[in-house]
Amino acid sequence: MSSASMAACFNYENSPKQTNKGDKKDNNLNIMDAAMHRPQSASSRQDEELMQKSTRALSSTTDPLEKLRLMCLSRGAVGILGLGRVFRRMDDDGSKQLNKDEFINGIRKSGVELSNEDAEELFERFDTDKSGSVSLDEFLMKIRPPMSESRRAIIEQAFKKLDKSGDGLITVADIRNVYSVNSHPRYMSGEETADQVLTKFLGNFETEGTADGRVTLEEFMNYYSAIGVSIDNDCYFDLMMRQAYKL
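In this text, all values refer to a predicted model and were calculated from it rather than measured experimentally. (Residues numbered from 1 in each chain as written. Predicted model: local features only at pLDDT ≥ 70, side-chain atom pairs only at ≥ 80, totals over all residues. Heavy atoms only, no water.)

Draft legend 1. The overall build of the protein, seen in detail. In terms of regular secondary structure, the protein is built from 14 helices and 6 strands. Taking all 247 residues of the protein together, 45% fall into the buried category. Residue pairs at least 24 apart in sequence account for 68% of intrachain contacts in the protein once pairs closer than 6 positions are excluded. For the protein, the accessible area works out to roughly 13200 Å², and carbon and sulfur atoms hold 49% of it. (Helix = DSSP H or I, 4+ residues; strand = E, 2+ residues; numbered from the N terminus. Buried < 20%, exposed > 50% of the residue type's maximum accessible area, 1.4 Å probe, protein only. Contact = heavy atoms within 4.5 Å. Areas by Shrake-Rupley, 256 points an atom, 1.4 Å probe, with all protein chains shown as cover.)

Shown next, in the form of structure tokens:
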């Protein structure tokens, strides 16, 4: 982050805030407050901008890796999550390695329309030691849109705040005492329980049909790296995360 951006963040965070005397500091995050500051679904402004921007960029891209990345992002912030989950399911032995057939089939099963020629070129690019397999972790990390160190750091900070158990997963049990659902309309009306509201909140970081209520750091990072594509300024991204998670 540039010195100017850092200064802007400093001034924003240290600007006087209006408070009412007698108000007690609430350590719980209001789930509705977080919803206003962070993208929630494909209908959000940031997600729409991401999909439109990625779709436009596809027409002028020839690099297979960039094509695959943009095809995923054209589906919204969960596009890369979906690709990652397909590959993870294919790693039956837990070796975190995929051979060429598994790699190409994984791309096909994800629904991404990448040609066999491009898929094979990608495989050869990542099979640097010519062992006939590629590192799943390395590949998925490369697919993720590039991020500055400051963005990665603030995303990890938010994840750690939510991961109360420290087991590397965010679950309903973790956020039950972090988020207040009292102002959520479906909770207030009695249509949903607190846990149902929280489960849907976690579902924002997972792909449809594969939500399990357990969000990993990889899923959390992939979601916000995608959202970050439509946010050019590191300072604004930082403030968005701080406001959403009261960091």
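Now, onward.
Draft legend 2. Layout of the side chain of Ser54. Positionally, Ser54 belongs in helix α3 (residues 45-58). Residues in contact with Ser54, not counting those within four places in the same chain, are Leu70, Leu73 and Ser74.

Draft legend 3. Molecular detail of the packing of helix α4 (residues 64-73) against helix α8 (residues 136-143). For the pair α4 and α8, interaxial distance at closest approach is 9 Å and the crossing angle is 75 degrees. As the angle between them shows, α4 and α8 are arranged roughly perpendicular. Of α8, the residues touching α4 (which contributes Leu65, Leu68 and Arg69) are Phe139, Lys142 and Ile143. (Axes fitted to C-alpha atoms, helices over the stretch in contact; angles between N-to-C directions. Parallel < 35°, antiparallel > 145°, perpendicular 65-115°, else oblique.)

Draft legend 4. Representation of the packing of aromatic side chains in the model. The full count for this structure, using the stated rule, is 10 aromatic pairs. For the ring pair Phe220 and Tyr224, a centre distance of 5.3 Å and an interplane angle of 70 degrees mean the geometry is edge-to-face. With Phe220 and Tyr224 both in helix α13 (residues 217-227) and 4 residues apart, the pair spans about one turn of that helix. There is no split in this pair, since Phe220 and Tyr224 are both buried. Three or more aromatic residues joined by ring pairs make a cluster, and in this case those are Phe87, Phe103, Phe123, Phe126 and Phe139. (Phe/Tyr/Trp six-rings, centres within 6.5 Å; stacked < 30°, edge-to-face > 60°.)

Draft legend 5. Just the pattern of salt bridges, in detail. Tallied over the full model, the rule gives 14 salt bridges. Within this structure, Arg186, Glu191, Glu192 and Lys200 form a network of salt bridges that share partners. (Salt bridge = Lys/Arg side-chain N within 4 Å of Asp/Glu carboxyl O.)

Draft legend 6. Local environment of the side chain of Ser225. Summarising the element assignment, Ser225 is placed in helix α13. In this structure, Ser225 is in contact with Arg144, Pro145, Met147 and Ile155, ignoring residues within four places of it in sequence.

Draft legend 7. Highlighting the environment of Tyr224. Judged by relative accessible area, Tyr224 falls into the buried class, the value being 0%. Taking the C-alpha atoms as reference points, Tyr224 and Met147, separated by 77 residues in sequence, lie 9.7 Å from one another.

Draft legend 8. Local environment of the nonpolar core. The biggest cluster of nonpolar side chains holds 58 residues, and the ones touching the most others in it are Leu68, Phe139, Phe220, Tyr224 and Tyr245. If we skip the residues at most four places from it in the chain, Leu68 touches Leu83, Ile107, Val112, Leu114, Leu122, Phe139 and Ile143. (Core = buried A, V, L, I, M, F, W, Y, C linked by side-chain atoms within 4.5 Å.)

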